[in-house]
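# Descriptive structure summary
Next come the chains, spelled out residue by residue.
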Amino acid sequence: MKSWKLKEIVLMSLFAVVFGIVYLLFVHVGNIWSGFIGPIAYEWIFGIWFIVSIICMYIIRKPGAAVVSETIAAAIEVLLGNAVGPRLILSGVIQGLGAEAVFAATRYKRFDLWVLMLAGVGSSVFSFVYGYFLGGFAVYSTGYVALMLGIRIASGAMIAGIGGKAVADGLLATGSLRGYAIARSRKGEARA
């Protein structure tokens, strides 16, 4: 993180705090919904728990932005009282690594919608593998587990990928992201 500017660290931290709060709120949404349809309820909204990694990487465009932002958000969620406790921080690291792996595969050079959606898918897959062993998914039928994974992948692609891009693009349109990599890339695209 030697190449990071202070404003990038501050912005990432701000997003992590905001989404740490959002993440905790969505735990309660998931709890309510799972009372009606069972554990698969969380899969529909799982993408929200990956969104900060997509937003921060899309704006800052530096190695580590996805995993660090997701880890900080998880730590904030723990500090705010998530019942899972400190183990949740490891979940944040794993989710962030899933997104980070996709951006690393592009050498941190591509940030189009498809890459952002794939980053959401990466977080989905990494978190699902972790959750499979920790959450005892083996007790479910193979078809049910496959359905859970499919829904989580779709949620990661749509909520985190498409939603994350929409949030960042909305902020960019206000002019509040001037001086960040996302704004510099848009200027380069406009000149081309």
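Up top you'll find the structure we're talking about.
First, a word on scope: everything that follows refers to the structure included in this document. What you see is a predicted model; the values in this text were computed from it and never measured. (Residues numbered from 1 in each chain as written. Predicted model: local features only at pLDDT ≥ 70, side-chain atom pairs only at ≥ 80, totals over all residues. Heavy atoms only, no water.)

## Some details on the overall build of the chain
The helix and strand inventory of the chain stands at 8 helices and 0 strands. Secondary structure elements in the chain, listed N-terminal to C-terminal, are α-α-α-α-α-α-α-α. Overall, the C-alpha framework of the chain stretches about 55 × 35 × 30 Å when taken along its three principal axes. Out of the 192 residues in the chain, the part that is buried amounts to 48%. The contacts in the chain between residues at least 6 apart in sequence include a share of 69% that link residues at least 24 apart. Here the chain has roughly 9300 Å² of accessible surface; of this, 73% comes from carbon and sulfur atoms. (Helix = DSSP H or I, 4+ residues; strand = E, 2+ residues; numbered from the N terminus. Buried < 20%, exposed > 50% of the residue type's maximum accessible area, 1.4 Å probe, protein only. Contact = heavy atoms within 4.5 Å. Areas by Shrake-Rupley, 256 points an atom, 1.4 Å probe, with all protein chains shown as cover.)

## Observations regarding a nonpolar patch on the surface
Taken together, the side chains of Ile32, Trp33, Phe36, Ile37 and Trp44 define a hydrophobic patch exposed on the protein surface, amounting to about 570 Å² of accessible area. Here the element with the most residues in the nonpolar patch is helix 1 (residues 6-37); it accounts for 4 residues. When you line up the elements, Trp44 lands in helix 2 (residues 41-45). On the basis of relative accessible area, Trp44 is assigned to the partly exposed category, the value being 44%. (Patch = residues over 30% accessible without salt bridge, like charges linked within 9 Å, V, L, I, M, F, W, Y side chains within 5 Å. Salt bridge = Lys/Arg side-chain N within 4 Å of Asp/Glu carboxyl O.)

## Looking at the layout of surface pockets
Taken as a whole, the largest pocket encloses approximately 690 Å³ of empty space. Looking at the largest pocket, it is lined by 28 residues, and the ones nearest its centre are Tyr42, Phe46, Val84, Leu88 and Ser91. Within the residue set of the lining of the largest pocket, elements represented by two or more residues are helix 1, helix 2, helix 4 (65-79), helix 5 (87-105), helix 6 (113-134) and helix 7 (142-174). With 5 residues, the single largest contributor to the lining of the largest pocket is helix 5. (1 Å grid on protein atoms, 1.4 Å probe; cavity = no way out; pocket = protein on both sides within 12 Å on 5 of 7 lines; lining within 4 Å. Points joined across faces, edges and corners; volume = space filled by probe spheres on them.)

## Some words on the nonpolar core
Across soluble globular proteins, nonpolar side chains have a tendency to be buried as a group. Counting 39 residues, the largest nonpolar core has Phe15, Trp49, Ile59, Phe103 and Ile182 as its most contacted members. If you list the elements that add at least two residues to this core, you get helix 1, helix 3 (51-60), helix 4, helix 5, helix 6, helix 7 and helix 8 (181-191). Looking at this core element by element, the count peaks at 9 residues for helix 3. In contact with Trp49, other than residues within four places in its own chain, are Tyr23, Phe26, Val27, Tyr42, Glu70, Glu77 and Gln95. (Core = buried A, V, L, I, M, F, W, Y, C linked by side-chain atoms within 4.5 Å.)

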